[in-house]
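Below, each chain spelled out in residue letters.
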Amino acid sequence: MHWSRKRNRARARVPIRRVLAAILFCLLLAGCTAPVLTPQGYFSDRIHDMWQLMFPISIVVFVVVLLTLFYALFRQRRPGEGENLRAGRTMVLFGGAILPGIVMIILMVEVVAILVDVSLIGGQLERQGENRGLIGQPNVAEPEAEVADLVVDVIGRHWWWEVIYPNQGIVTANEIHMPEDALVLVRLTSDGVMHSFWVPALNGKTDMLPGSISNTWLHGYYTDAYRGQCAEYCGIGHAKMRLLTITQTEEDLEVYLSREAEPAPEPTTEETIRGQAVFVEQGCAACHAIRGLSDAGEIGPDLTHLLSRREIAAGTLVNTRGNRAGWIVDSQSIKPGNMMPPFPMPPSDLQALLAYLDTLE
Ligand code: CUA
């Protein structure tokens, strides 16, 4: 038996080192920043307020529960000591009902206050069926739309975001431009399955449901770019369904919006004219709209001002000529399951097509 005791003692030494390592690791993690913990707008700030109250309370509750547990496990009952039922009952009543009740009430008051604050202006207002026509339509009769500095409609597609500025007549994809320090109403819907619209630095998640509209709000204090991500599993392209939210000064936004509202320019050089013909011959126009050329395509993103976007394929690739070429020839190897088939074509055709796409500024 002697050896086993020794072994136990030896084993007992390791966990302390591990515990220290775990604590060190936690301290290191504490230096990390996540968008949800560094709110950049009014709504995320309010949600963060909630976290700042809930997190310390949770830690205290966790520690107290653990201490009580260890006390119950390891306390030694003195010889002859009977069970003190009265003290036990008082402890259960106080620790099991009264104290948790008080904590719950404190949390509930705070949470409800924040929810009301975020949703009174924010209103997760859902409208069914017939009102789906609202999406993409300029509509100032809505109370929310009157409060908003900008209205943006977003439709969840397979697996990208169609972004519409209904009052400006603009259709684009995967990128929302908005004024800094302003209230932006985002009306959400989906064309197929459920998605969830989430820009962690600016607001919480909002489900996008086919056949109904959910409203959410964006607000950003500063000019910057914030990553968004689909937060509801929606199929094979889910992880690569990202978007970019860009907050700009009033003037920059105006320049952006007025440029986006224009139709695509006519190609002028021999190569770009040929590229436009390739675009039509290859059937690209069946899925992609280019205002000024063809409005029919609805399956893929509108390409009228493709070059104004920072990324393609819903945040999968940086929008460079090389990446555009790779995407056209074999998008399935880049984002498996996306709706675009491979388009192998002679190099001269591809170069002409790329030259034409380069004109879509
Ligand atoms: Cu869309 Cu997940």
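Residues numbered from 1 in each chain as written. Predicted model: local features only at pLDDT ≥ 70, side-chain atom pairs only at ≥ 80, totals over all residues. Heavy atoms only, no water.

Some words on the confidence of the model for the protein
Note the threshold: Confidence of the prediction at every residue is given by pLDDT, a number between 0 and 100. Every residue pair with non-hydrogen atoms within 4.5 Å of one another is taken to be in contact.
The predicted model of the protein averages 86 in pLDDT, with 87% of residues at 70 or higher. In the predicted structure, residues 1-6 sits below a pLDDT of 50 and forms 0 contacts with residues beyond four places in sequence or in another chain. Taken together, the stretch residues 122-133 has pLDDT below 50 and engages in 31 contacts with residues farther than four places along the chain or on a different chain.

A word on the pairing of strand E9 (residues 212-218)
Quick note on the threshold: The buried label applies to any residue whose accessible area, calculated with a 1.4 Å probe on protein chains only, is under 20% of its type's maximum; exposed applies above 50%, and partly exposed to all values in between. Helix and strand definitions here come from DSSP, where helices need a minimum of 4 consecutive H or I residues and strands a minimum of 2 consecutive E residues; each element is numbered from the N-terminal end. In short, DSSP must find at least two bridges between two strands for them to pair.
Among the 7 residues of E9, 7 are classified as buried, and the element is accordingly described as predominantly covered. Side chains Ser212, Ser214, Thr216 and Leu218 of E9 all project onto a buried face; the interleaved residues Ile213, Asn215 and Trp217 project onto the opposite face, where all are buried too. Of the strand pairs in this sheet, strand E6 (residues 184-190) and E9 are connected by 5 bridges, and their pairing is antiparallel. Looking at the pairing, Val186 lines up with Thr216 of E9.

Observations regarding the pattern of salt bridges
Short version of the rule: Each salt bridge in this description consists of a side-chain nitrogen of Lys or Arg and a carboxyl oxygen of Asp or Glu lying within 4 Å of one another.
Scanning the model with the defined rule gives 8 salt bridges in all. Here Arg157 makes a salt bridge to Glu162, at a shortest N to O gap of 3.3 Å. Judged by its relative accessible area of 11%, Arg157 falls in the buried class. Owing to a relative accessible area of 11%, Glu162 belongs among the buried residues under this scheme. Each member of the salt-bridge network shares a partner with another, and the members are Arg157, Glu162 and Asp191.

Focus on the packing of aromatic side chains
Operational definition: The rule is short: rings of Phe, Tyr and Trp, with Trp giving its six-membered ring, pair when the centres are within 6.5 Å, and they are stacked under 30 degrees, edge-to-face over 60, tilted in between. Remark: a charge is flagged as sitting over a ring if the NZ atom of Lys or the CZ atom of Arg is within 6 Å of the ring centre and within 35 degrees of the ring normal.
Evaluated as defined, the whole model comprises 6 aromatic pairs. Consider the rings of Phe70 and Phe74, whose centres lie 6.0 Å apart with planes at 10°: the pair is stacked. With Phe70 and Phe74 both in helix H2 (residues 42-74), this residue pair falls 4 residues apart, about one helical turn. Between Lys205 and the ring centre of Trp198, over which it is positioned, the NZ or CZ distance is 4.5 Å.

Some details on unusual backbone geometry
For the peptide bond that leads from His158 to Trp159, omega is -15°, which places it in the cis range. Here Trp159 lies in the loop between strand E2 (150-157) and strand E3 (160-165). With phi around 60°, Ala313 is a residue other than glycine that occupies positive phi space. Residue position: Ala313 is located in the loop between strand E12 (311-312) and strand E13 (317-318).

Quick word on a negative patch on the surface
Here is the rule we go by: Two joining distances apply to patches: 9 Å for like charges and 5 Å for nonpolar side chains (Val, Leu, Ile, Met, Phe, Trp, Tyr), and every residue must have over 30% relative accessible area and no salt bridge. For the accessible areas, the method is Shrake-Rupley and the probe is 1.4 Å, while residue cover comes only from the protein chains on display. We treat Lys and Arg as the positive residues and Asp and Glu as the negative residues; His and chain ends play no part in the count. Each charge is placed at NZ for Lys, CZ for Arg, CG for Asp and CD for Glu.
On the surface, a cluster of negative charge is made up of Asp149, Glu180, Asp181, Glu250, Glu251, Asp252 and Glu254. Within the fold, Glu254 resides in helix H5 (residues 250-261).

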